Amino acid sequence: LKIAGAMGQGDSKEPTLEGHEVLSQIVGPVRIPHDDPYWTSQLRHLRIPRRLLGKEYYTGARQLDQMFRDYFLRLVASNECSGNFVTMLRHLTEELRRLRDGSEIPQSVLDLAVAVRVFVKLFAETCSAPDLLFHFEHAPCTALSEEEAQTLDPAAEMLFVSFKGFQKKLAAAEVISPQSLMKAINDWFEAEFPADAPSLGARGVVFRDLAQGDVVPIHEICGPEGRIDQGCRDVAVIPLALPVTDGVIRGLLTEIVHFSVLLTNQQAAGFPRNEGTAIQVQCVLSEVLLTLCCVMSPSFTAASSGAVACSCLELLAPVHFANLTTSVREEADGISGDSFLMTAPAQGTRPHFVFLEGFVELLGSGDCVANASHFLRSMMAHVTGEVDAVGDDLPVAVVQQLTRRVAYRSLMVLMVVVCCGTPGHLQPSAVESSFAELEDAALATVADAPPQRGLSFASILRVVTSRLSEHLFPLLLYVLVCRVKKFRQFCLAQTDPEALLIPVLRLLQSVPGLVDARSQGREIPGAGPAPPAATSLLLVLLILSSDKSVCQEASKTVVAEVRWYEDRVLQDVNVVSLLILVVLRTAQWNFGASKDPFFNGACCAILSNVALHSPEQLHWMAAAKLVDIAKLLGRGLSRAGIRDEQEKALESSAKNLFSAVTQLLSSCLEGHKLARNPALAYSLLRSCPPQLHDPSILADSGTDSQYTNHVCRVVGWLEEHCEVDDSCDYETCSKQIVNDARKAPADLGASLDSRKPEPFEYRESDATYDFFLPVVWRTAYHVMPPHVCWSPLKLS
């Protein structure tokens, strides 16, 4: 009875950390050497509460923070002298390296990974990027003792400079100015640390005053009223890049990549035997990677005084870019409104991501496994769910949930690496090149070593299109279609519209309704960028529409029934009609909501590309929509008296859209196409815009007149030669129009230029980075559960 009562009480208590005395030694002031048996024998006694490693891992993330917070506060104070956290990172790296042989994963590795994840997260929220580099790479590093300081000549402005445990004494002549100090450090690095010398010029360097414990730029060390004049004698050099020489973080990142790649490749052969635990470890390691990659470096300029006065939490990219006023933090399987619909913030100065850039560089110089190609394939395998853990060490339901979470983590890591890398370089990075060269395993031409789990484009397309309403999947589809040539060719070869076109159109047409639903009861924002997910899908349509075969196949392919367009049921509608309907609906919504000129330009380019291939058999609803839009735009353009800059911008967008619409109308009415588009001829006869009856109305509008003139001539001929009885039904009228249209003269389109314009093609620019960088990080903020990789920023 006593035992049962104690067990009942234990279940109701808050979870506690087992082996806390182990952590007490790590956070203490005494250094524990790397070869001390403590790391292999004692650290395995550290036990995270099992319930916080199971279903409560994310709901109890704040509890984990609280468990480690007191230890972390002591660690921040002691790590500078002990360097025990650096050794802890090295130990995790070695534990992961031991798993390369495919052995069973000890539970202690999961406990250690979670502890490191919590400490890294607390460090990132407390310390700036240079301080993180110091605590993760350069510690232990202590200032001169009082006895050593007394032996120095107080009149000599000498300086002791430390880097990665090595120290150099600089004479007075070498520290008289920032230029001389920088030259001396460059010479030292080129002689002793040649692998790290390039980082000094690439990103610069800052210093940590070991006596004061703060980070300062070089101009505060020497020069007029510098710290040397005030007695500063001992500093640590911190290049704003990951060290290559004995790099602690580089080693850890390498093993994280190894673990992910080997888990993906060898899982089918039984690696590891306890696959449920392996998926847990993979999830935690992905979170460590995300936390490191989101750290932005503050700006150290000659005009700044000391370290930048900014909250370190605000220098974490997800928090920095998050829309805190409307954030909804959830990780759901269904549509996520705030991640799918949020707009991109205003562009600003590009931040510097120290750990992310170092990771991208590492992938470009990794070994045969830890390289960009293998890592990208492993991330794609996790995203598409091709890694199915079937181990019996965890319940099936728990493993399935973990697999889904790993998919989200892998997707975010993939997008961070691909979309938030290092822009502006003359040559693409190894990650960009490897991503562009991804290929289907069935069509692979290069043998991989070691053997790789091959990618299946069919599987990727199926998974991505089925989850377009979730988080970053629209952006993933965009980067695959835009940047991966072979995947784009695979998409262009699809003859089934349900494979790609229909899912994209279905979701794109729902955007106006979703945005309007969010705007109810709130002030409607002014002009701004359209939702990034909608822009991504629109760009996918633009890329596809530039291909002749896609447009021609869209005219021939008929869908028997469509139930997702505006709560209506459309019968026997071809795909090109659906494309026109959705793009026109989206463009019309953009005029009233976002007023985004880029978004409008993409809509116009799609319509123009479709017009180049003269669609046939337009559905009556698409025909009516084209005529209605032409009427609305023509009426607006015929009005005079533009009052302000916003109306001028809207007028420019309206001109572009009107030109695209009239080009599409003209192409459908040209020559023999007139008899193949009776629904369009019928709509023009019933409700032709005045501007198409008399093009002189738009003479001063600046629109392209050749298409307007051609449509006017065709409409005039139809009104003169086609006798449509108002009492007849649509089917009878259509047959009459077809019979009459076959008699149309061959010179009816003589006003058109015989030279077909080139299709609009989409090309990424350097500004693409500015658009997608905030999108990725803001989505990460909304998707990741609180207190896992970063805590929500609470504004006063």
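Definitions and cut-offs
Per chain, residues are indexed from 1 in the order of the written sequence. Note on the predicted model: pLDDT of at least 70 is required for a residue's local features to be given, and 80 or more for side-chain atom pairs to be given and counted; whole-chain, interface and lining totals, by contrast, use all residues. With hydrogens and water excluded, all non-hydrogen atoms of the structure serve as input to the side-chain values. The way it works is that DSSP assigns letters per residue, a run of H or I at least four long becomes a helix, a run of E at least two long becomes a strand, and they are numbered from the N terminus. Note on exposure labels: buried denotes an accessible area under 20% of the residue type's maximum, exposed denotes more than 50%, and partly exposed covers the range between, all computed with a 1.4 Å probe on protein chains only. Any pair of residues with heavy atoms lying within 4.5 Å of one another is described as a contacting pair. A 1.4 Å probe and the Shrake-Rupley method give the accessible areas. Residues count as covered only by the protein chains that appear here. Each residue carries a pLDDT score, the predictor's own confidence in it, on a scale running from 0 to 100. We call a pair of cysteine sulfur atoms a disulfide when they lie within 2.5 Å. Basic side-chain nitrogens of Lys or Arg form a salt bridge, by our definition, when they fall within 4 Å of a carboxyl oxygen of Asp or Glu. Fitted lines through C-alpha atoms serve as axes, helices being fitted only where they are in contact, and the angles separating the N-to-C directions of these axes extend from 0 to 180 degrees. Should an angle lie under 35 degrees it is considered roughly parallel, over 145 roughly antiparallel, and from 65 to 115 roughly perpendicular; all remaining angles are considered oblique. Crossing handedness follows the turn of the near helix against the far one: under a right angle anticlockwise gives a left-handed crossing, and clockwise gives a right-handed one. Gly counts as polar in this scheme, as do all residues outside two lists: the nonpolar Ala, Val, Leu, Ile, Met, Phe, Trp, Tyr, Cys and Pro, and the charged Asp, Glu, Lys and Arg. Every helix has an expected span of 1.5 Å times one less than the residues it contains. Here, a strand pair is defined by DSSP locating no fewer than two bridges between the strands. Buried residues of nine kinds, namely Ala, Val, Leu, Ile, Met, Phe, Trp, Tyr and Cys, make up a nonpolar core once their side-chain atoms join them within 4.5 Å. Aromatic rings from Phe, Tyr and Trp, with only the six-membered ring used for Trp, were paired whenever their centres fell within 6.5 Å, and each pair was classed as stacked if the ring planes differed by under 30 degrees, edge-to-face if by over 60, and tilted otherwise.

Peer 1: Would you take a moment to explain the overall build of the chain for this structure?
Peer 2: Counting secondary structure elements, the chain contains 34 helices and seven strands. For the chain, the residues scored as buried account for 57% of the 796 residues in total. The long-range share in the chain, meaning contacts at least 24 apart out of those at least 6 apart in sequence, stands at 78%. Working note: accessible area of the chain is about 33,400 Å², and carbon and sulfur atoms make up 52% of it.

Peer 1: Honestly, the confidence of the model for the chain in this entry has me stumped. Any pointers?
Peer 2: Interpretation of the predicted coordinates at a detailed level should be avoided for regions scoring low in pLDDT. Residues with a pLDDT of 70 or more make up 79% of the chain, whose mean pLDDT is 79. Predicted confidence for residues 1-12 stays below pLDDT 50, and this span has one contact to residues more than four positions away or in other chains. Confidence drops under pLDDT 50 across residues 301-310; counting only partners more than four residues distant or on other chains, this segment forms 17 contacts.

Peer 1: Explain the state of the cysteines to me, please; I cannot follow it from the model alone.
Peer 2: Chemically, a disulfide is nothing more than a covalent bond linking the sulfur atoms of two cysteines. Applying the stated criterion across every chain yields a total of zero disulfides. Cys 604 forms no disulfide, and the closest cysteine sulfur to it belongs to Cys 603, at a distance of 6.8 Å. A relative accessible area of 6% means that Cys 604 is categorised as buried.

Peer 1: Which parts of the structure should I look at to understand the pattern of salt bridges?
Peer 2: Opposite charge on two side chains lets them pair, provided their charged atoms get close. Counting across every chain of the model gives 23 salt bridges. Among the ionic pairs, Lys 486 bridges to Glu 439, the shortest N-O distance being 2.7 Å. Linking Lys 486 in helix α22 (residues 485-492) with Glu 439 in the loop between α19 (430-436) and α20 (457-466), this pair joins segments that are 47 residues apart in sequence. By relative accessible area, which is 11% here, Glu 439 ends up buried. Residues Arg 483 and Glu 764 are paired through a salt bridge, measuring 3.0 Å at the closest nitrogen-oxygen approach. Taken together, the residues Arg 483 in helix α21 (residues 473-483) and Glu 764 in the loop between α33 (730-741) and α34 (767-783) connect sequence positions 281 residues apart. By relative accessible area, which is 31% here, Glu 764 ends up partly exposed. One connected set of salt bridges, linked through shared partners, spans Arg 47, Arg 50 and Asp 111.

Peer 1: Help me out: how do you make sense of the packing of α21 against helix α24 (residues 532-545) in this one?
Peer 2: Between two packed helices, what matters for the description is the angle formed by their axes and the separation of those axes. One can describe the packing of α21 onto α24 by two numbers: an axis separation of 8 Å at closest approach and a directional angle of 30 degrees. Classified by the interaxial angle, the pair formed by α21 and α24 is roughly parallel. The handedness of the crossing between α21 and α24 comes out as left-handed. Between α21 and α24, the residues in contact are Pro 474, Leu 475, Leu 477, Tyr 478, Val 481 and Cys 482 and Ala 533, Ser 536, Leu 537, Leu 539, Val 540 and Ile 543, respectively. Its residues assigned to classes, the contact of α21 with α24 shows eleven nonpolar, one polar and no charged.

Peer 1: Whenever I open this one, helix α17 (residues 372-383) confuses me. Can you help?
Peer 2: Think of an α-helix as 3.6 residues a turn; residues three or four steps apart then line up on the same face. Here α17 is twelve residues long and its end C-alpha atoms lie 16 Å apart, about the 16 Å a rise of 1.5 Å per residue gives. Extensive coverage of α17 is indicated by the burial of eleven of its twelve residues. Listed as buried for α17 are Ala 372, His 374, Phe 375, Leu 376, Arg 377, Ser 378, Met 379, Met 380, Ala 381, His 382 and Val 383. Positive backbone phi, approximately 75 degrees, marks Gly 385, located one or two places after α17.

Peer 1: Even after reading the chapter, I still don't get the pairing of strand β2 (residues 166-170), so can you show me in this structure?
Peer 2: On a regular strand, each side chain points to the face opposite its neighbour's, so the side chains alternate between the two faces of the sheet. Strand direction decides the pairing type here: strand β1 (residues 159-163) and β2, joined by five bridges, are antiparallel. If you follow Phe 163 over to β2, its bridge partner there is Phe 166. The antiparallel pairing of β1 with β2 creates a hairpin that spans two residues between the two strands, and Lys 164 there sits at a positive phi of about 55 degrees.

Peer 1: What should I look at first to understand the packing of helix α6 (residues 84-98) against helix α8 (residues 129-138) in this one?
Peer 2: Contact geometry for α6 and α8: axes closest at 7 Å, N-to-C directions at 65 degrees. The orientation of α6 relative to α8 falls into the category roughly perpendicular. In this structure, α6 uses Phe 85, Val 86 and Leu 89 to contact α8, whose residues at the interface are His 135, Phe 136 and Glu 137. Broken down by class, the residue content of the contact of α6 with α8 amounts to four nonpolar, one polar and one charged.

Peer 1: Is there a simple way to explain the nonpolar core in this structure?
Peer 2: When a protein is soluble and globular, its nonpolar side chains tend to lie buried together. Phe 68, Leu 476, Leu 477 and Trp 777 are the most contacted members of the largest nonpolar core, which totals 239 residues. The dominant element in this core, judged by the number of residues it contributes, is helix α7 (residues 107-126), at 13 residues. Here Trp 777 is in contact with Leu 290, Cys 293, Cys 294, Ala 317, Pro 318, Phe 321, Phe 353, Val 416 and Cys 420, once residues within four sequence places are set aside. Among the nonpolar cores identified, the runner-up in size contains 23 residues, and Leu 170, Ala 197, Ile 228 and Val 235 belong to it.

Peer 1: In this structure, what is going on with the environment of Ala 624? I would like to understand it.
Peer 2: Inspection of the secondary structure puts Ala 624 in helix α28 (residues 620-637). Sequence separation between Ala 624 and Ala 679 is 55 residues, and the spatial gap between their C-alpha atoms is 8.1 Å.

Peer 1: Can you help me understand unusual backbone geometry in this one?
Peer 2: Leaving glycine aside, a negative phi is the common case for residues, and trans is the common case for peptide bonds. Residues Ala 139 and Pro 140 are joined by a peptide bond in cis, for which omega reads 0 degrees. Positive phi, normally seen in glycine, also occurs at Lys 164, with a value near 55 degrees. Structurally, Lys 164 can be placed in the loop between β1 and β2. One non-glycine residue with positive phi stands out, namely Asp 246, at about 50 degrees. Inspection of the secondary structure assignment puts Asp 246 in the loop between β5 (234-239) and α12 (248-266).

Peer 1: Sorry if this is basic, but what is going on with the packing of aromatic side chains here?
Peer 2: The geometry of an aromatic ring pair comes down to the distance between the two centres and the angle between the two planes. This structure, assessed with the given rule, holds 24 aromatic pairs. Consider the rings of Trp 188 and Phe 193, whose centres lie 5.3 Å apart with planes at 75 degrees: the pair is edge-to-face. Residue Phe 193 is classed as buried on the basis of its relative accessible area of 4%. With centroids separated by 5.3 Å and ring planes inclined at 65 degrees, the aromatic side chains of Phe 189 and Phe 193 adopt a geometry described as edge-to-face.

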